[in-house]
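The residues making up each chain are set out below.
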Amino acid sequence: MKNFNNIDEILHFAINSEQESVDFYTRLSGQARNQEMKQIFFQYAHEEMSHKARLISIRDSGQIMISTEKVDDLKISDYLVDVLPGPDLTYAEALVVAMKKEKAAFRLYLDLAERTENQDIKDVFMTLAQEESKHKLRFEIEYDQHVLREN
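The rules behind these values
- Residues numbered from 1 in each chain as written.
- Predicted model: local features only at pLDDT ≥ 70, side-chain atom pairs only at ≥ 80, totals over all residues.
- Heavy atoms only, no water.
- Helix = DSSP H or I, 4+ residues; strand = E, 2+ residues; numbered from the N terminus.
- Buried < 20%, exposed > 50% of the residue type's maximum accessible area, 1.4 Å probe, protein only.
- Contact = heavy atoms within 4.5 Å.
- Core = buried A, V, L, I, M, F, W, Y, C linked by side-chain atoms within 4.5 Å.
- pLDDT = per-residue confidence, 0-100.
- Expected span 1.5 Å × (residues − 1).

## Comments concerning the overall build of the chain
Stage number 1. Scanning the chain from terminus to terminus reveals 4 helices and 0 strands.
Stage number 2. Traced from its N-terminal end to its C-terminal end, the chain shows the element sequence α-α-α-α.
Stage number 3. Buried residues in the chain amount to 39% of all 151 residues.
Stage number 4. Of all intrachain contacts in the chain linking residues separated by at least 6 positions in sequence, the fraction that spans at least 24 positions is 74%.

Shown next as C-alpha cells:
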C-alpha cells in the first residue's frame, strides 16, 4: 500500500482516483449497447468529475473541511454478488458495480487513515472515506427504490 508524506500527496492520489472512476464509467458508457445504460454511466462519470473538481478546489484553496456527519450504510452491497462490467449490464447490475466500486474506495481510505499517526492526514482520509460512503449510499438507495421494491 502506498505511503503518503503530506496532504498534497493524499489529494493528488484522491484526484487521480476520481479520474480513474471518470474513465471507468466513461468506458462503460461507450461499451453499453443499451441507450439508457449509456446515459446512466455517463451520469456516473459526470458525478465523479464533480468529485474530482471538489478535490481540486480543496487542493488549490488549502481549505479542507472536516465533517463529522454520520453516513448511513444500508449494507445492500454486502449481500450482492460481484458483477463484471460489460456492454450488456442491466440497470440493477450497473448499480451493483457502482456500489462495489464506491465501497472499495471507502475501505481504501479507511485503511489509509488507520496507517497514519498524523491527525491532519488521518482527518483527510476519513473525510475522503465519508465522501465515498455517501456515494455508495446514493447507489444503495437507488437500488432499494428501483430494484428491490420492483421485485
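After that view, the rundown keeps rolling.
## Quick notes on the nonpolar core
Stage number 1. Grouped together as the largest cluster of nonpolar side chains are 20 residues, with contacts concentrated most on Tyr25, Phe41, Tyr44, Leu95, Met99, Phe139 and Tyr143.
Stage number 2. Among the secondary structure elements, those contributing two or more residues to this core are helix H1 (7-31), helix H2 (35-61), helix H3 (91-114) and helix H4 (119-148).
Stage number 3. Tallying contributions element by element places H3 first for this core, with 6 residues.
Stage number 4. Ile15, Leu55, Ala113 and Leu128 belong to the second largest nonpolar core, which has 14 residues in total.

## Some words on the environment of glutamate 132
Stage number 1. Turning to its location among the elements, glutamate 132 is positioned in helix H4.
Stage number 2. Beyond its immediate chain neighbours, meaning those up to four positions away, glutamate 132 contacts Glu18, Glu102, Ala105, Phe106 and Tyr109.

## What to know about the environment of glutamine 130
Stage number 1. You can see glutamine 130 is positioned in helix H4.
Stage number 2. For glutamine 130, a relative accessible area of 9% gives the class buried.
Stage number 3. Expressed as a C-alpha distance, the spacing of glutamine 130 and leucine 110, which sit 20 residues apart in the sequence, is 9.0 Å.

## Thoughts on the confidence of the model for the chain
Stage number 1. The share of residues in the chain with pLDDT of 70 or more is 89%, and the mean pLDDT across the chain is 82.
Stage number 2. Within the chain, H1 carries the highest mean pLDDT (88), whereas H4 carries the lowest (85).

## A word on H3
Stage number 1. The terminal C-alpha atoms of H3 lie 35 Å apart, and with 24 residues this matches the ideal 34 Å at 1.5 Å per residue to within 8%.
Stage number 2. Considered for burial, the residues of H3 that qualify are Ala94, Leu95, Val96, Val97, Ala98, Met99, Glu102, Lys103, Ala105, Tyr109, Leu112 and Ala113.

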